[in-house]
Amino acid sequence: MAHNYLELSSLSHEERTVLQSKCVGGTKYYSDRKWFNPVYEKLVEILGNGNKSHEKSVRWFLSCTAKALRNKGSGFFFGKHPSWFKDTDQGIGYTNSVKILDELCSKGYIDIWLGYVETWTQCEDSSGYRAQTTHPSIVVMKQKYLDLWKGIDMEEMPALKKESSVIIRDRQTKEEITLQGHPGVKEARATVDRLNKKLSETEIRIKDELCASVTYSRIFSDDLESDGRFYVNGGGVQTAPAFLRKTSLYIGDDKTVELDFKAMHPSLLLEMMRISALQEGREFCVGKDFSPYDVYIDDLIEIDQEAIEKQSELLGSGYNPIRNLKKQCLLVMINANSFVAARSAVSGKIKRDKDRPDPVDRLFTGIVGSVPVSEVLRRIEEHNQVIS
């Protein structure tokens, strides 16, 4: 069977953002509710009957598309590789599922956009590289498939499954752990559920395209007291390029304004040092005007001013690759285990930046020749000695 796949990597960042914003995360389960039977029976007519594994895969596809439709989406994300299907509790098979997708694609019911790894980063133990920025594959429903849902009242569609809005994972293994015995779960869940309800009632548009309803989960490490982050379940606009967020993102009829926390990570560390000094009765010698990026490295780097001006025109704002370099270096140094690891990570970032397919994603356009990474890191460390 010929595979009529589309390549997600062929899209610009802007085009990819719009497509992704209209999709939701695919389910790793299937629903066998009778409410979905009319569409299920139509799919069986197209795909034919099969064994129990085949039936699971058909119902999985139906569940993914039902979730997308319920959330005003036009498609869903999934991993087109065996490992993505491995941890499905109901034993949804990879082979049957992909075969079904291929058949529906070849018959004009869906489009499949193949995902890819955009950037790689070196492993912390320097043993190799791991995927850093990835884009999962996407199924987009075509009108031919949507016609199968005609006559079905979407307002009456039941929830497929109650998905947890609060998750705790083991910091080391990344496995989910039970919420029992952790105080504050009820309150945390109520907060996230309230946020998601508000978002479901709100229209968000980017480039005049309606985004799928955005919902979030809050994932904590070890307990509810240490640290936690909000993770979007599906598309949204979190990965949209800055210039697109500034010019083309609307919530209802209101254009968004994006607040910028200046040098947030180093500023947090400086504030911790200031509080510690106050508690110990010491004087804190860093003034309010101190900037962690105010490091002179211009003599170390050759620049192409014409390329910088062209990039500024492209982005519609001022563009400073040297400042971008200093910011990336400092963020890497805060998180790296050693100077050697930091140097390797920064060198990798510089190298991979040139290979980014979309120019709007490049941070270092205008820097020419080699960058003496070790010396750049040393100067930044010396300037930020108080948090080094």
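What counts and what doesn't
Residues numbered from 1 in each chain as written. Predicted model: local features only at pLDDT ≥ 70, side-chain atom pairs only at ≥ 80, totals over all residues. Heavy atoms only, no water. Helix = DSSP H or I, 4+ residues; strand = E, 2+ residues; numbered from the N terminus. Buried < 20%, exposed > 50% of the residue type's maximum accessible area, 1.4 Å probe, protein only. Contact = heavy atoms within 4.5 Å. Areas by Shrake-Rupley, 256 points an atom, 1.4 Å probe, with all protein chains shown as cover. Axes fitted to C-alpha atoms, helices over the stretch in contact; angles between N-to-C directions. Parallel < 35°, antiparallel > 145°, perpendicular 65-115°, else oblique. Nonpolar A, V, L, I, M, F, W, Y, C, P; charged D, E, K, R; others polar. Phe/Tyr/Trp six-rings, centres within 6.5 Å; stacked < 30°, edge-to-face > 60°. Pairing = 2+ DSSP bridges. Lys, Arg positive; Asp, Glu negative; His and termini not counted. Salt bridge = Lys/Arg side-chain N within 4 Å of Asp/Glu carboxyl O. Arc of directions from axis to C-beta. Polar contact = N/O pair within 3.5 Å; in protein donor to acceptor, adjacent residues only side chain to side chain. Patch = residues over 30% accessible without salt bridge, like charges linked within 9 Å, V, L, I, M, F, W, Y side chains within 5 Å.

**Q** What is the right way to look at the overall build of the chain in this model?
**A** The number of helices and strands found in the chain is 13 helices and 17 strands. Burial analysis of the chain (388 residues in total) assigns 41% to the buried set. Counting only contacts in the chain whose residues sit at least 6 apart along the sequence, the fraction spanning at least 24 positions is 71%. By element, 49% of the accessible surface of the chain is carried by carbon and sulfur atoms, the whole surface being about 22,000 Å².

**Q** Looking at this structure, I do not really get the packing of helix 9 (residues 264–279) against helix 11 (residues 321–335). What am I missing?
**A** Pairs of packed helices are described in terms of their axes, by the angle between the two and the distance that separates them. For the pair helix 9 and helix 11, the least separation of the axes is 9 Å and the interaxial angle reads 50 degrees. On the basis of the axis angle, helix 9 is oblique to helix 11. Judged by residue contacts, His265, Pro266 and Leu269 of helix 9 engage Leu330, Leu331 and Ile334 from helix 11. Classifying every residue of the contact of helix 9 with helix 11 gives five nonpolar, one polar and no charged.

**Q** Looking at this structure, how should I read the packing of aromatic side chains?
**A** One pair of aromatic rings is described through two measures. These are the centre distance and the angle between the planes. For the coordinates displayed, the defined rule picks out 12 aromatic pairs. Note on Trp60 and Trp84: the rings are 6.2 Å apart at their centroids and 65 degrees apart in plane angle, and the pair reads as edge-to-face. Residue Trp60 is found in helix 3 (residues 52–70), and its partner Trp84 is found in helix 4 (residues 82–86); the two are separated by 24 residues along the sequence. Taking relative accessible area as the criterion, Trp60 reaches 1% and is therefore assigned buried. Taking 5.9 Å as the distance between ring centres and 65 degrees as the angle between the ring planes, the aromatic pair formed by Phe85 and Tyr94 counts as edge-to-face.

**Q** Help me understand the sheet that holds strand 9 (residues 176–177) in this model?
**A** Strands belonging to one sheet form pairs held by backbone hydrogen bonds; the direction of such a pair is parallel or antiparallel. Taking strand neighbours across the sheet as the criterion, the four strands line up as 9-8-12-13 in an open arrangement whose pairing is mixed. Of all strands in the sheet, those with a lone pairing partner are strand 9 and strand 13 (227–232), marking the two edges. Against the sheet, helix 7 (residues 185–200) contacts strand 8 (166–169), strand 12 (216–221) and strand 13, and its axis sits at roughly 155 degrees relative to strand 12.

**Q** Please clarify how the side chain of Lys56 should be interpreted in this entry.
**A** With respect to the helices, strands and loops of the structure, Lys56 is situated in helix 3. Buried and unpaired, Lys56 has Glu55 as its nearest opposite-charge partner, separated by 9.3 Å.

**Q** Please clarify how helix 10 (residues 305–315) should be interpreted in this entry.
**A** Since the α-helix packs 3.6 residues into each turn, any two residues three or four apart lie on the same face. Residues Ile308, Gln311, Ser312 and Leu315 constitute the buried set of helix 10. Relative to the axis of helix 10, the buried residues are bounded by an arc of 105 degrees and lie together on one face. Pointing more than 90 degrees away from the buried face of helix 10 are the exposed residues Glu306, Lys310 and Glu313. Sitting at the amino-terminal end of helix 10 is Asp304, which places a side-chain oxygen 3.1 Å from the backbone nitrogen of Glu306. Trailing helix 10 by a residue or two, Gly316 shows a phi angle of about 70 degrees, which is positive.

**Q** Just to check I follow, could you spell out the sheet that holds strand 3 (residues 75–78) for this structure?
**A** The sheet built from five strands is open, its strands ordered 1-4-7-3-2 with mixed pairing. Among the strands making up the open sheet, the edge pair consists of strand 1 (6–7) and strand 2 (23–25). Summarising the sheet, strand 3 and strand 7 (residues 137–141) pair through four bridges and their orientation is antiparallel. Of the residues in strand 7, the one forming a bridge with Phe78 is Ser137.

**Q** Just to check I follow, could you spell out a nonpolar patch on the surface for this structure?
**A** The grouping of Val257, Leu259, Phe261, Met264 and Leu268 at the surface amounts to a nonpolar patch, some 600 Å² of accessible area in total. You can see Leu259 is positioned in the loop between strand 15 (254–255) and helix 9.

**Q** What's the story with the pattern of salt bridges in this structure? I'm lost.
**A** Any two side chains of opposite charge can pair, so long as their charged atoms come close to each other. Taken as a whole and judged by the stated rule, the model has 19 salt bridges. Close ionic contact of Arg59 with Glu55 constitutes a salt bridge, the shortest N to O distance being 3.5 Å. Of the two residues, Arg59 and Glu55 both sit in helix 3, four residues apart, roughly one turn of that helix. The shortest N-O distance in the salt bridge between Asp353 and Arg356 comes to 3.6 Å. The same class applies to Asp353 and to Arg356, which are both buried.

These figures come from the coordinates and say nothing about function on their own.
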